[in-house]
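Breakdown of the fold
Single-letter residue listing:
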Amino acid sequence: KGDRESALAHYELAIVLVDEGTIKHKDDCFSRAHDELTKGLAAAPNFPDAIYEDGRVLAKLHQDDAAKTRFEKYIAMCPDTDQKRQRAQRYLENPELARARMAPPFTVTTMDGQQISLDGLNGRVVLLDFWATWCGPCREALPHIRDISKKFQDQPLVVLSINLDKDEEKWRDFVSKNQMTWPQYWDGGFDGKIAKMFDVNAIPHTFTIDADGVLQDEHVGDEAMEGKLKKLLTRARELQQSATQRASTKPGS
């Protein structure tokens, strides 16, 4: 029907091809996705999502210089408030991350008013805990999550509990009565934005994300995870030390 609709059709087909390539580990799917995105951008050159996605596809094809050009253009087009802008910046600095199983970028405001952005936590390990007050196994797992938050409170770890209750007040009362002092966010059910991003359809459900934002572990049910967290935290501390050393050796520091 026109350039805009044509560009969108090519973009949507490219997304399907990227998903297929990721699942089947087939580079030809990424090559076809790049072809579709090229056609889409020919019809609509200033299509930010297509530019961002083409950067990811080119990185997956190990065409890092071309990928960086796409990410630079996306960053220049988007405001600082754009949620994917931070992710594009990280891909620009390290295209290897675009080839990894990265956790989807998100920003939430917790119960106590703290704003948490996944990409803003760069350098810290993140444990996402999806739960609900009506879920018996979630209540049984609560002491385990509480112990982890206390045990590693001085480490580069963020525990974020994401509640899937439909009733916000019930969630608030439960958190208060059970002294859940680590960051808490209400997502409003299985159709909430964060639950959809992570394709959560059973709880308790946890995701462990490393200091680079890469998904490392996913568990349904209450699982022992301290061993994995210790390894990821060791690496997170090493990355922080390296960053500090680099900063101290810069001219003028």
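Scroll up a little and you will see the structure.
Here the structure is a predicted model, which means the values were calculated and not measured.

A look at the overall build of the protein chain
Helix and strand content of the protein chain: nine helices and seven strands. In terms of overall dimensions, the protein chain is globule-like: its C-alpha atoms have a radius of gyration of 20 Å, near the 18 Å expected for 253 residues. With the principal axes as the frame, the protein chain shows a C-alpha extent of 55 × 55 × 35 Å. Residues classed as buried in the protein chain amount to 45% of the 253 residues present. A total of about 13300 Å² of accessible surface is found on the protein chain, and carbon and sulfur atoms cover 47% of it. Seen as two clouds, the 35 positive and the 41 negative side-chain charges of the protein chain have centres 2 Å apart.

Concerning empty space enclosed by the protein
Counted according to the given criterion, the structure contains two cavities of 30 Å³ or more. Quantified by volume, the largest cavity comes out at close to 80 Å³. Along the walls of the largest cavity sit D129, W131, C138, R139, A141, L142, I145, S161, F174, M180 and W182, which together make up its complete lining. Of all elements in the fold, only strand 3 (125–131) and helix 6 (136–151) reach the threshold of two or more residues within the lining of the largest cavity. Top contributing element to the lining of the largest cavity by residue count: helix 6, with five residues. Among the residues making up the lining of the largest cavity, the classes are represented as eight nonpolar, one polar and two charged.

How each quantity is defined
Residues numbered from 1 in each chain as written. Predicted model: local features only at pLDDT ≥ 70, side-chain atom pairs only at ≥ 80, totals over all residues. Heavy atoms only, no water. Helix = DSSP H or I, 4+ residues; strand = E, 2+ residues; numbered from the N terminus. Rg over C-alpha atoms; globule rule 2.2 N^0.38 Å. Buried < 20%, exposed > 50% of the residue type's maximum accessible area, 1.4 Å probe, protein only. Areas by Shrake-Rupley, 256 points an atom, 1.4 Å probe, with all protein chains shown as cover. Lys, Arg positive; Asp, Glu negative; His and termini not counted. Charge placed at Lys NZ, Arg CZ, Asp CG, Glu CD. 1 Å grid on protein atoms, 1.4 Å probe; cavity = no way out; pocket = protein on both sides within 12 Å on 5 of 7 lines; lining within 4 Å. Points joined across faces, edges and corners; volume = space filled by probe spheres on them. Nonpolar A, V, L, I, M, F, W, Y, C, P; charged D, E, K, R; others polar.

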